[in-house]
Amino acid sequence: MHEHVLSMHDLTADDVTRILDTAESFRKVGTRVIKKVPALRGRTVVNFFLENSTRTRISFELAAKRLSADVINFSASGSSVSKGESLKDTALTLQAMGADAIVIRHSSSGSPLQLTRWVDAHILNAGDGTHEHPTQGLLDLYTMREKLGRLEGLRVAIVGDVLHSRVARSLSFGLVKMGADVTLVGPPTLIPPDAPVWGVHVSYDIDAVLPKLDVCYLLRVQTERQRLEFFPSVREYARFFGLTRRRVELMPQDALIMHPGPMNRGVEIDSDVADLPSAVIEDQVTNGIAIRMALLYLLLGATKEDPG
Amino acid sequence: MSGRYLFAGGRVIDPAAGIDEVRDVAVADGVIAGPEAAAGAELIDADGLVIAPGLADLHAHLREPGDEHKETVETGTRAAAAGGYTAVAAMANTRPVADNASVVQAVRDRAAEAGLCDVFPVGAITRGLEGEVLAEFGEMAAAGVRMFSDDGHAVPTARVLRNALTYIQAFGDDLVIAEHAEDASLVEGGHMHEGVRSASLGLAGRPAEAEEIVVARDLALARATGGRLHLCHVSTARAVELIRRAKADGVRVTAEVTPHHLTFTDEDLDTYDTNRKMHPPLRSSEDRDALRAALADGTIDAVATDHAPHAIEEKEAEFDRAPPGTIGLETALAAILTELVEPGHVSLARAIDALSTTPARILGASDHGGPIEPGRPANLVVFDPEREWVVEAPFVSKARNSAFLGARLRGAVVATVLRGEFVVADGKPTR
């Protein structure tokens, strides 16, 4: 196992399988009445979140707590960061307080990798800019494997703003690594022009892609004004790329619908589509805890120090 | 050491005189002397060393006034001397901006006080670098400015640039407008070359066409106005093609390229090393190869450093927040020797021409760039083409943001001579 979890790009197929298998064993812990194991007792995990996040932060917090680690939450507002302290100095401070692992969410691509140059703690990337979100990618792979029994050969479409999506990068890299067949779908302005180099297909026609899918993975559409230079209107987006009830009919019966959340109901996904049994969005959330437990355990669990 | 001395047995490369041969060079009272001065002169063994006209940089940010925490005229010119430079053009994007004769004069005065390297202040094209109102070219030209640039940004509208290229012609045929060619609307928010790498690293791109568009526009305006245009830090293969065609058509254009664009590509950004973040960005390997060929065939006239010092804490930041730029004065010669001369992309004579003779001519720095002939000011660099060294901090520059940190380079400056005086001896600044 690596020292850090920075990107899906860094992981081998064997790494991915090992992480998913480890998560499998932790998945059961979450179904017990007492959802806790002592694996990381005495270890300190810092959730260092410099960008707003609810689900990822809570998921990491639960994961660390279920492993009996001490958890510190450190977010941008009200912290030294908002007083102008640099990322490096803040990280050194966390290190001086004895952080064994730092889970970082940051709006700047590459910042988790930079952190590894400055501190000794294990770094887990909880989303960096428009680069990667490897734990999301892993929980998505876990969910697909759990529901469909395999990853190799799965036909997956990732639909939406791929250009600005760290989720799309991690998931694409992971799926290609595991032998799945990936098609990126969206307006041409939101698909990186060089994406085929990643080993994926590109399509601008969702209706043509849907009948040949095992998984339709929808990305959240950013509706901030600056995104609107890439497509004319949310309405037009929904019409040409949104997963509507009509489009669900085009998909094979047993195909899954996935979304990393939070959803824009009525934009990339119709409200009644999100509530279909084939939409496994809540399972993704549940599996996220198991994946993050697995990663923390693999990084921190095999302690070198003898506590005696 | 000053007065009368003789470099004995060095290989003299003097592109201005078309000389590349082992011969002695005598210096007396700050100027190159004839063989008659050899008698009684102090002898300096230059066996195995190269003696060339002092290097001339068309593009350095000395940061003074305004950003003295990054670099000062004194520290910047000391770094220049350490790198073998005797002439440096200091860019106008200081605070206040060098858009008037008094700032220009202040920079020149500071350089004269330090006495380490001749500084040729570049004047702004537009007042405050704001891209709207022409700066006072006439006044600055009267104060000796020969090059004007809003470096950091392209002049935003064709109309303003057209007026600048037209208006400067009143003050001398040798005045030149130097452009930073990147279309602002295409590079806004971008941090590296747009391509496979930027997509994978999740960094917004600065596409190659941003440079091509401005180069094409500027060449059209230079052609139409007859004004002299210089293109800064050319970085793309297609820009090279446009320049090649314009030169063939007789457009008055010159171009420079940096050692870092000749060495690195966007693949060297995989570790988010902020020292390799610069504008324009490191490009593809195809672009780099085209730049090398263009330097060899003269389509690109000169090597310029774009020396851009920043404080440690400014560069030790998130990639998208770190300021762009790498220092370059202390590594340019060795980088060109290692990356271009040694693999055979350009000859040693062409390298010296591109680092010294041609940029001195573009800048109107008539005391620099050779020829190394009796009566000429003794502005020289002496270097060991074989000595290997590893680029490490600290530097002579106040800054340490070098894209070459950790690189093993071959070729080291032994001495830099400014008007006969050793400002660098045994590879170290003498003061």
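In this text, all values refer to a predicted model and were calculated from it rather than measured experimentally.

What counts, and at which threshold
Residues numbered from 1 in each chain as written. Chains lettered and ligands numbered in written order. Predicted model: local features only at pLDDT ≥ 70, side-chain atom pairs only at ≥ 80, totals over all residues. Heavy atoms only, no water. Contact = heavy atoms within 4.5 Å. Buried area = accessible area lost by both parts, 1.4 Å probe. Salt bridge = Lys/Arg side-chain N within 4 Å of Asp/Glu carboxyl O. Disulfide = S-S within 2.5 Å. Buried < 20%, exposed > 50% of the residue type's maximum accessible area, 1.4 Å probe, protein only. 1 Å grid on protein atoms, 1.4 Å probe; cavity = no way out; pocket = protein on both sides within 12 Å on 5 of 7 lines; lining within 4 Å. Points joined across faces, edges and corners; volume = space filled by probe spheres on them. Nonpolar A, V, L, I, M, F, W, Y, C, P; charged D, E, K, R; others polar. Helix = DSSP H or I, 4+ residues; strand = E, 2+ residues; numbered from the N terminus. Expected span 1.5 Å × (residues − 1). Core = buried A, V, L, I, M, F, W, Y, C linked by side-chain atoms within 4.5 Å. Domains from an automatic or database assignment. Axes fitted to C-alpha atoms, helices over the stretch in contact; angles between N-to-C directions. Left-handed = near helix turned anticlockwise from the far one by under 90°. Phe/Tyr/Trp six-rings, centres within 6.5 Å; stacked < 30°, edge-to-face > 60°. Lys NZ or Arg CZ within 6 Å of the ring centre and 35° of its normal. Polar contact = N/O pair within 3.5 Å; in protein donor to acceptor, adjacent residues only side chain to side chain. Pairing = 2+ DSSP bridges. Right-handed = clockwise from strand over helix to strand, strands pointing away.

So what's going on with the interface of chain A and chain B? Which residues, and what values?
Counting from both sides, the interface comprises 20 residues of chain A and, opposite them, 18 residues of chain B. Roughly 1500 Å² of surface becomes buried between chain A and chain B when both sides are summed, with 49% attributable to carbon and sulfur atoms. On the chain A side of the interface with chain B, the three residues burying the most area are S109, Q114 and D194 of chain A, jointly 25% of the side's total. The tally of links from chain A across to chain B stands at one salt bridge.

Account for the state of the cysteines, naming residues and giving values.
Residue and element names in this part refer to chain B. Inspection of the entire model under this criterion finds zero disulfides over all chains. C117 takes part in no disulfide bond, and the closest cysteine sulfur, belonging to C232, lies 18 Å away. What makes C117 buried here is its relative accessible area of 2%.

Explain empty space enclosed by the protein to me, using residue names and the numbers behind them.
Residues and elements named next belong to chain B. Tallied over the full model, the rule gives three cavities of 30 Å³ or more. In this structure, the largest cavity encloses a volume near 50 Å³. As for the largest cavity, its lining consists of I32, P53, D367, G369, G370, P371, I372, R376, P377, N379 and L380. The residue inventory of the lining of the largest cavity, partitioned by class, reads six nonpolar, three polar and two charged. Residue lining of the second largest cavity: L62, R63, E64, A90, M91, T94, A98 and V107, and that is the complete set. In terms of residue class, the lining of the second largest cavity is made up of five nonpolar, one polar and two charged.

Help me get a handle on helix α7 (residues 208–225) of chain B, residues and values and all.
An α-helical turn contains 3.6 residues, so any two residues separated by three or four positions project in the same direction. Residues and elements named next belong to chain B. For α7, with 18 residues, the first-to-last C-alpha span of 26 Å sits near the 26 Å given by 1.5 Å per residue. By the burial criterion, the buried members of α7 are A208, A210, E211, E212, V214, V215, R217, D218, L219, L221, A222 and T225. Downstream of α7 by one or two residues, G226 has phi in the positive range, about 80°.

Help me get a handle on the side chain of S397 of chain B, residues and values and all.
Residues and elements named next belong to chain B. If you trace the backbone, S397 turns up in the loop between β16 (380–390) and β17 (408–418). The exposure class assigned to S397 is buried, which follows from its relative accessible area of 4%. The contacts of S397, once residues within four sequence positions are left out, are E71, T75, A79, H307, P309, I327 and E330.

Break down the pattern of salt bridges for me, citing the residues and quoting the values.
Applying the stated criterion to the full structure yields 43 salt bridges over all chains. For R145 of chain A, the salt bridge goes to D21 of chain A, with nearest N and O atoms at 2.9 Å. Separated by 124 residues along the polypeptide, R145 of chain A in helix α5 (residues 134–148) and D21 of chain A in helix α1 (residues 13–29) bring together distant segments of the chain. Residue classification places D21 of chain A among the partly exposed positions, given a relative accessible area of 40%. As a salt-bridge pair, D118 of chain B and R419 of chain B come within 2.7 Å of each other at their nearest N and O atoms. Highlighted residues: D118 of chain B in strand β8 (residues 118–121) and R419 of chain B in the loop between β17 and β18 (421–425), separated in sequence by 301 residues. Classification of D118 of chain B by relative accessible area gives buried; the value is 15%. In this structure R419 of chain B comes out as partly exposed when scored by relative accessible area, which is 40%. In the salt-bridge network here, residues are joined through shared partners; they are E342, E386, E388, R408 and R410 of chain B.

Give a description of helix α11 (residues 281–301) of chain A that names residues and reports values.
Taking 1.5 Å of rise per residue, the 21 residues of α11 of chain A would be expected to cover 30 Å, and the 29 Å separating its terminal C-alpha atoms lies within 8% of that figure. Most of α11 of chain A sits inside the fold, with 16 of its 21 residues counted as buried.

Describe the nonpolar core, naming the residues involved and giving the relevant values.
All names here are of chain B. With 81 residues, the main nonpolar core has Y85, F148, I177, L231, V234, L295 and I300 as its most contacted residues. The greatest single-element share of this core, amounting to six residues, is contributed by helix α12 (residues 332–341). No fewer than three residues from each of domain 1 (4–50 + 375–429) and domain 2 (55–363) sit in this core.

Residues and numbers for the packing of α1 of chain A against α11 of chain A, please.
Residues and elements named next belong to chain A. One can describe the packing of α1 onto α11 by two numbers: an axis separation of 8 Å at closest approach and a directional angle of 115°. Note on packing geometry: the crossing formed by α1 with α11 is right-handed. On α11, the residues that touch R18, I19, L20, T22, A23, F26, R27 and V29 of α1 are T286, N287, A290, I291, M293, A294, L295, Y297 and L298. Here the contact of α1 with α11 is built from residues that sort into 12 nonpolar, three polar and two charged.

How would you sum up the packing of aromatic side chains? Please name residues and give values.
Residues and elements named next belong to chain B. The final tally for this structure, using the stated rule, is 13 aromatic pairs over all chains. Ring geometry for F137 versus Y167: centroids 5.9 Å apart, planes at 45°, classification tilted. With F137 in helix α3 (residues 137–142) and Y167 in helix α4 (residues 158–167), the pair connects residues that are 30 residues apart, well separated along the chain. Members of the aromatic cluster, connected to one another through ring pairs, are F137, F148, Y167 and F171. In this structure, R276 is placed above the aromatic ring of F264, and the distance from its NZ or CZ to the ring centre is 4.3 Å. Stacked on the ring of F319, the Lys or Arg K277 has its end atom at 5.6 Å from the ring centre.

Please give an account of the environment of R169 of chain A that cites residues and values.
Among the structural elements, R169 of chain A can be located in helix α6 (residues 166–177). The exposure class of R169 of chain A is buried, given its relative accessible area of 1%. In sequence terms R169 of chain A and Q136 of chain A are 33 residues apart; their C-alpha atoms lie 10 Å from each other. With residues near it in sequence (within four places) discarded, R169 of chain A still touches T130, H131, E132, V162, L163, H164, P192 and W198 of chain A together with A199, S200 and G202 of chain B. Looking at R169 of chain A, its side chain comes within polar contact range of the main-chain oxygen of V162 of chain A, at 3.1 Å.

Just give me the short version of the pairing of strand β3 (residues 101–106) of chain A, but keep the residues and values in it.
Residues and elements named next belong to chain A. Of all six residues in β3, six are buried; the element is thus mostly enclosed. The alternating pattern of β3 places A101, V103 and R105 on one face and I102, I104 and H106 on the opposite face, and all of these are buried. Here strand β1 (residues 44–49) runs beside β3; their pairing, made up of five bridges, is parallel. By the bridge assignment, N47 is partnered in β3 with V103. For the crossover from β3 across helix α4 (residues 111–118) to strand β4 (residues 122–128), the handedness is right-handed.

Give a description of the side chain of S402 of chain B that names residues and reports values.
All names here are of chain B. Relative to the elements of secondary structure, S402 occurs in the loop between β16 and β17. The exposure class of S402 is buried, given its relative accessible area of 1%. Setting aside anything within four residues of it in sequence, one finds S402 in contact with N275, T326, I327, V391 and F395.

If you had to explain the domain arrangement of chain A to someone new, which residues and values would you point to?
Residue and element names in this part refer to chain A. The domain architecture assigned to chain A consists of domain 1 (13–133 + 286–300) and domain 2 (134–282). Relative placement of domain 1 and domain 2: their C-alpha centres are 26 Å apart. Each partner contributes to the interface: domain 1 provides 28 residues, whereas domain 2 provides 26 residues. Counting each side, the surface lost to burial between domain 1 and domain 2 is near 2200 Å², with a carbon and sulfur contribution of 57%. Along the contact surface separating domain 1 from domain 2 lie four salt bridges. For the pair domain 1 and domain 2, the number of links is 14 residue pairs in polar contact (both at pLDDT 80 or more). Going through the elements one at a time, α1, α2 (55–66), β3, β4 and α11 are the ones with two or more residues in the side of domain 1 that touches domain 2. Looking at the side of domain 1 that touches domain 2 element by element, the count peaks at nine residues for α1.

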